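Structural characterization, general
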Amino acid sequence: MPEVAIEDVLLRSYQDEDWQDVQNFIKKYWRENHPMCQKSLFDWQHKGFGGSDTKSMILEYQNKIIGFRGFIPGLYQVPTLSGGMEVIHGAASAMWSVAEEYRGGQLGILMQIKTMNELSVLTGSG
């Protein structure tokens, strides 16, 4: 496994111009015919709903995508301490992977910590 220091990676928001590189990453590290390789489905899921500017994350090393932390932005109704309800922006976990040759370090947890720091609500399903 290549040794990669946390300070040598870039963790940034997904942009539409990343699509081709993300699609190639999905094909290589999930599977060639993964449904998320269809741009229309990917965009529908990763843009979410509710007007949030929350974006899935790209992990780069030496200008190459080595990780992807996807989530589906949305609105969540949560209880308040005063007994009421509040609607806030959050996200549901979607895709999350680090390239095989970079696994076993702390890069996956780096993506999770940043996600947790940026979102008030994070849900997931298995």
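Scroll up a little and you will see the structure.
Because the structure is predicted, anything quoted here is derived from the model rather than measured. (Residues numbered from 1 in each chain as written. Predicted model: local features only at pLDDT ≥ 70, side-chain atom pairs only at ≥ 80, totals over all residues. Heavy atoms only, no water.)

All right, on to the nonpolar core then. In this structure, Val-22, Phe-42, Ile-66, Phe-68 and Tyr-102 are the most contacted members of the largest nonpolar core, which totals 28 residues. Breaking this core down by element, the ones donating at least two residues are β1 (9-13), α1 (19-29), β2 (57-61), β3 (64-79), β4 (85-98) and α3 (107-118). With five residues, α1 is the single largest residue contributor to this core. Not counting residues within four places of it along the chain, the set of residues in contact with Phe-42 comprises Tyr-14, Trp-19, Val-22, Ile-26, Met-36 and Phe-68. (Core = buried A, V, L, I, M, F, W, Y, C linked by side-chain atoms within 4.5 Å. Buried < 20%, exposed > 50% of the residue type's maximum accessible area, 1.4 Å probe, protein only. Helix = DSSP H or I, 4+ residues; strand = E, 2+ residues; numbered from the N terminus. Contact = heavy atoms within 4.5 Å.)

Here we come to the sheet that holds strand β5 (residues 122-123). Sheet architecture is open: five strands sit in the order β1-β2-β3-β4-β5, paired in mixed fashion. The strands lining the two open edges of the sheet, one partner per strand, are β1 and β5. With 12 bridges joining them, β3 and β4 adopt antiparallel strand pairing. Opposite Val-78, over in β4, you have Glu-86 as the bridge partner. Relative to the sheet, α1 contacts β2, β3 and β4, its axis offset from that of β3 by approximately 100 degrees. The sheet strands contacting helix α2 (residues 39-47) are β3 and β4, and the helix crosses β3 at an angle near 50 degrees. (Pairing = 2+ DSSP bridges. Axes fitted to C-alpha atoms, helices over the stretch in contact; angles between N-to-C directions.)

This brings us to the environment of Glu-17. Assignment of secondary structure puts Glu-17 in the loop between β1 and α1. Given a relative accessible area of 67%, Glu-17 falls into the exposed group. Spatially, the C-alpha atoms of Glu-17 and Glu-101 are 25 Å apart, while their sequence positions differ by 84 residues.

As a further point, take the packing of aromatic side chains. Scanning all chains against the criterion turns up six aromatic pairs. Ring plane angle 65 degrees and centroid distance 5.9 Å describe the contact between Tyr-61 and Tyr-102, whose orientation is recorded as edge-to-face. A residue pair is termed long-range when its members are at least 10 positions apart, and Tyr-61 in strand β2 and Tyr-102 in the loop between β4 and α3 qualify at 41 residues. The residue whose ring lies beneath Arg-69 is Trp-96, and the NZ or CZ to ring-centre distance is 4.4 Å. (Phe/Tyr/Trp six-rings, centres within 6.5 Å; stacked < 30°, edge-to-face > 60°. Lys NZ or Arg CZ within 6 Å of the ring centre and 35° of its normal.)

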